[in-house]
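Listed below are the residues making up each chain.
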Amino acid sequence: MRETIVAGNWKMNLNSLSIMDFIKDFPHLVEDITEVKNIIFPSSVYLYLFKEQNTILYGGQNVHFEEKGAFTAEISPGMLRDMGCKYVIIGHSERRHIFGENNDLLNKKLISVLNNNLNPIYCIGETLEERKSNKAFEVLKKQLVEGLKDIENIEKLIIAYEPVWAIGTGETATPEIAQEAHKFIRTTLNEMQSNRGENITVLYGGSVKPQNAKSLIKMQDIDGFLVGGASLVPETFAQITRIIRED
Ligand code: 13P
């Protein structure tokens, strides 16, 4: 079933004090909204702060595919579950481009977290160069085909389309550009997964703000957002959630 999700990827931001404030303030701002699911992805060192509360859904920003062993600084799916996470981001463009994660590695991570009953948000998206040279759909298809290789248990899978050129740049994809990519993603998922793509939630990410959320959510294949910068402030994040509800 497709859900309406507004998730916040906090990346390497905030500290324990500001996170405690967020946890205290945010639930009140959205307590009347039941039809949109909010999920927060804090830095892993602060996951314990979320474990101490039970109103905000949360998850890890990254994961290793092995369950345990000599992998210094890595975090296993079981550790995320132990910290109360139900979700995990896999393949964010910053992981792909800054830390060199490729589709084969991300496939291993996806298989591992799905087997561990976590809900992955698998991020895909093209760079500006790839878009300019008309390779956007080719790249998206490759990320889907290679990343989801041999995966059949897709009930918990969520996809986030995050064009790299729109992340943290203030330059959002127009609703039409985003819808075209989302439609392509859904069609590809339908082809790969015997029409089950219709049931997969596909989020948009890249400079989402209260000012552009409404026009984006109106698009047929955009089911919600993965928000970076605008998720750091409770009021702004709540505003985006509210705008979606009012659609
Ligand atoms: P911004 O909303 O800051 O552009 O970040 C998007 C993103 O990368 C979410 O994962």
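Quick note: structure is the one above.
Bear in mind the structure is a predicted one, so any value in this text is a computation, not a measurement. (Residues numbered from 1 in each chain as written. Predicted model: local features only at pLDDT ≥ 70, side-chain atom pairs only at ≥ 80, totals over all residues. Heavy atoms only, no water.)

*Asks:* Help me understand the overall build of the protein chain in this model?
*Replies:* The helix and strand tally for the protein chain stands at ten helices and eight strands. For the protein chain, the C-alpha atoms occupy an extent of roughly 45 × 45 × 30 Å along the three principal directions. Looking at the protein chain residue by residue over its 247 residues, the buried ones come to 51%. When the accessible area of the protein chain is evaluated, it comes to approximately 11,700 Å², of which 51% is carbon and sulfur surface. Across the protein chain, the mean location of the 27 positive side-chain charges is 1 Å away from that of the 33 negative side-chain charges. (Helix = DSSP H or I, 4+ residues; strand = E, 2+ residues; numbered from the N terminus. Buried < 20%, exposed > 50% of the residue type's maximum accessible area, 1.4 Å probe, protein only. Areas by Shrake-Rupley, 256 points an atom, 1.4 Å probe, with all protein chains shown as cover. Lys, Arg positive; Asp, Glu negative; His and termini not counted. Charge placed at Lys NZ, Arg CZ, Asp CG, Glu CD.)

*Asks:* Sorry, what's going on with the nonpolar core here?
*Replies:* Side chains that are nonpolar tend, in soluble globular proteins, to be buried together. If you look at the biggest cluster of nonpolar residues, it comprises 60 residues, and the most contacted ones within it are Tyr-122, Ile-159, Ile-185, Tyr-204 and Phe-225. Dropping the residues within four chain positions of it, Ile-185 is found in contact with Ile-124, Leu-140, Leu-144, Ile-159, Tyr-161 and Val-202. Counting twelve residues, the second largest nonpolar core, distinct from the first, contains Ile-5, Ile-39, Ala-160 and Leu-203. (Core = buried A, V, L, I, M, F, W, Y, C linked by side-chain atoms within 4.5 Å. Contact = heavy atoms within 4.5 Å.)

*Asks:* Please clarify how the pairing of strand β5 (residues 119–124) should be interpreted in this entry.
*Replies:* A regular strand places its side chains so that they alternate between the two faces of the sheet. Across the six residues of β5, six count as buried, placing the element largely inside the fold. Of the two faces of β5, the one lined by Asn-119, Ile-121 and Cys-123 and the one lined by Pro-120, Tyr-122 and Ile-124 are each fully buried. By the bridge criterion, four bridges tie strand β4 (residues 87–90) to β5 in an arrangement that is parallel. Within β5, the residue paired with Ile-89 across the bridge is Ile-121. For β5 and strand β6 (residues 158–161), the ladder comprises four bridges, and the chain directions are parallel. Counterpart to Cys-123 in the pairing with β6 is Ala-160. (Pairing = 2+ DSSP bridges.)

*Asks:* What's the story with the site of the ligand in this structure? I'm lost.
*Replies:* Residues in close proximity to the ligand include Asn-9, Lys-11, His-92, Glu-162, Ala-166, Ile-167, Gly-168, Gly-206, Ser-207, Leu-226, Gly-228 and Gly-229, which together make up its full environment. In this structure, Ser-207 approaches the ligand through a main-chain N or O atom, which is 2.8 Å from an oxygen atom. Protein chains shield 94% of the accessible area of the ligand, which is 310 Å² for the free molecule. In terms of residue class, the shell around the ligand is made up of three nonpolar, seven polar and two charged. (Near = heavy atom within 4 Å. Polar contact = N/O pair within 3.5 Å; in protein donor to acceptor, adjacent residues only side chain to side chain. Nonpolar A, V, L, I, M, F, W, Y, C, P; charged D, E, K, R; others polar.)

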